[in-house]
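Coordinates in review
Letter by letter, the chains look like this.
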Amino acid sequence: MKKYLIIGSGFSGSVLAQQLCENNIIHVVEERSHIGGNCYTEKDPETGITLHQYGPHIFNTDNVEVWNYIQQFCEMVPFINRVKSVYQNQVYSLPINLHTINQFFQKDFSPKEARSFIESLSDTSIEVPKNFEEQALKFVGKDLYKAFFHGYTKKQWGCEPTELPASILKRLPVRFNYNDNYYAMPLQGIPRNGYTEIFEKMLDHPNITVTLNKKITAEEIDFSEYDHVFYSGPIDAYFDYKYGRLGYRTVFFEKFTDEGDFQGNAVINYADQEIPHTRIHEHKHFTPWEDHEQTVYFKEFSKETEENDIPYYPKRLQGDIEMLEKYSEEKDKLSNITFIGRLATYRYMDMHHVIAEALETAKRFR
Ligand code: UDP
C-alpha cells in the first residue's frame, strides 16, 4: 500500500482520493472548515433552501465518462440554466440568441436574416482576434458588445477587455435560434441534494482520512512520510510567491432573505457598468422540484484578490503568463508532487474539466 497526501478537497483532491483509496492510504488536508472547495453547498438553516455558498454551480459537460462517474455519488436532476441580462432597464435573453437580437434591435428577423445582419455588424478588419474585445467585435459587432459584454466584463475582471484573452468570450455561444440554454453542453444538471453530498460520498472510505482547518505550506509537507503528494492549491502560494502573485479575481456576496419570489429566475446578470453587482442568483430556482415559501438571493460582486481572499478566476494577463512560466519551471523540477486543478495549474477550468483531469491523473498512481 502506498501513502498519498492530497492537499485540497475540491473536485481535484476528492476525485483523486476516491480513485486511489482502494489500494492506498490517503490523507486529505483541507484549509477550510468544510470539504468541496468552491462547489460546497449547504442548506440554509432559516429557509431550508440549498445554497451554493461560493456562487452558482450548474454541472454541464460533453464528457460521458465524467457524467456517468459523477452520478455514482448523486442524483443529477436535469437543469437548464436560462440566464437573463438587464441592460438599461430592459431584460434580455442570454446567451445572445435570436430573441436577444430581435429584442435589442426591435426586429422580427428570421434565423437567416439575423445571421446576415450580425455578419454585417462584425468588424471585418479583425482577422484573428487578439483579445476579448476584438473577439466580441468580430463576433457580434460594437452595439451588442457594448450592451452585454463591455460593462459586465469590466466589472467581472476589473480591467479593460482589450487586456483579456479572447478565449474567455469563446466560452459563450451566439445563436440564431430561440435556444436560450446558457450552456452548449449536452449533459446538464444539478445534484438533487446539493454538491456537498458528492464530496462526502467520495471521501467516505476507511483508507481516507480528512483533516479540516489545516493550511499547509510547502515547508510543512513531510515528503518522507508519503509516496507522493497531490497539490490543488494556488501554484504561486506553493512557492511562497517568490516570483510574485498571479492575478486572480475573487467574488463576494451580499445575502438577502425574503418571502416569495424575488426575481423569477436562478441567475440574472447586470450588464450596466454603473450597477455595482455583476449578477444576482436566487437559489431556490436551482431546485425547482422543491417548494419554498421564502427565498434567498445573493448579489455577487467581483474584485481583485487580496491576501486572504479566495482566488476564483485566473486572469491570465500577459504578466501572469510570464510569471506562471517561472513557477512551472520550478514545478517541473519536482518529482514527488503533482500539481492539479484550477489553482495549481492556473487555468480557467470548469467542474467537468477538473474531474476529467483528476480521473486521468489517478490512472498513473493506482
Ligand atoms: N460575460 C459578459 N456578460 C455576461 C456574461 C458573461 O460579458 O452577461 C463575459 C464575462 O467576461 C465572463 C465571460 O463572458 O467572464 C464568460 O462568461 P461565463 O458565464 O462563462 O463566466 P463564469 O460562469 O465562469 O462566471
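Described in the following lines is the structure provided in the data block.

Quick notes on the rules
- Residues numbered from 1 in each chain as written.
- Predicted model: local features only at pLDDT ≥ 70, side-chain atom pairs only at ≥ 80, totals over all residues.
- Buried ≥ 20, exposed ≤ 12 C-beta atoms within 10 Å, placed from the backbone.
- Helix = DSSP H or I, 4+ residues; strand = E, 2+ residues; numbered from the N terminus.
- Arc of directions from axis to C-beta.
- Contact = placed C-beta atoms within 7 Å.
- Pairing = 2+ DSSP bridges.
- Right-handed = clockwise from strand over helix to strand, strands pointing away.
- Near = placed C-beta within 6 Å.
- Nonpolar A, V, L, I, M, F, W, Y, C, P; charged D, E, K, R; others polar.

A word on helix H6 (residues 196-203)
All of the buried residues along H6 are Thr-196, Ile-198, Phe-199, Met-202 and Leu-203. Buried positions in H6, seen along its axis, are confined to an arc of 160 degrees and lie on one side of it. Next to the buried residues of H6 lie helix H1 (11-20), strand S2 (24-29), strand S3 (41-43), helix H2 (64-70), strand S9 (187-191) and strand S10 (208-211).

Some words on the pairing of strand S1 (residues 2-7)
When S1 meets S2, the two strands line up parallel, connected through six bridges. Bridge pairing in S2 places Ile-6 opposite Val-28. In this view, the connection linking S1 to its parallel neighbour S2 by way of H1 has right-handed handedness. Sheet analysis places S1 next to strand S11 (residues 228-231), joined by four bridges and oriented parallel. From the neighbouring strand, Tyr-4 faces S11, where its bridge partner is His-228.

Concerning the site of the ligand
In the vicinity of the ligand there are 14 residues, among which Phe-149, Tyr-152, Thr-153, Arg-171 and Asn-269 approach most closely. No other element matches helix H5 (residues 132-157), which puts six residues into the shell around the ligand. Classifying every residue of the shell around the ligand by side-chain character gives nine nonpolar, four polar and one charged.

Remember that the coordinates give geometry; whether it matters functionally is a separate question.
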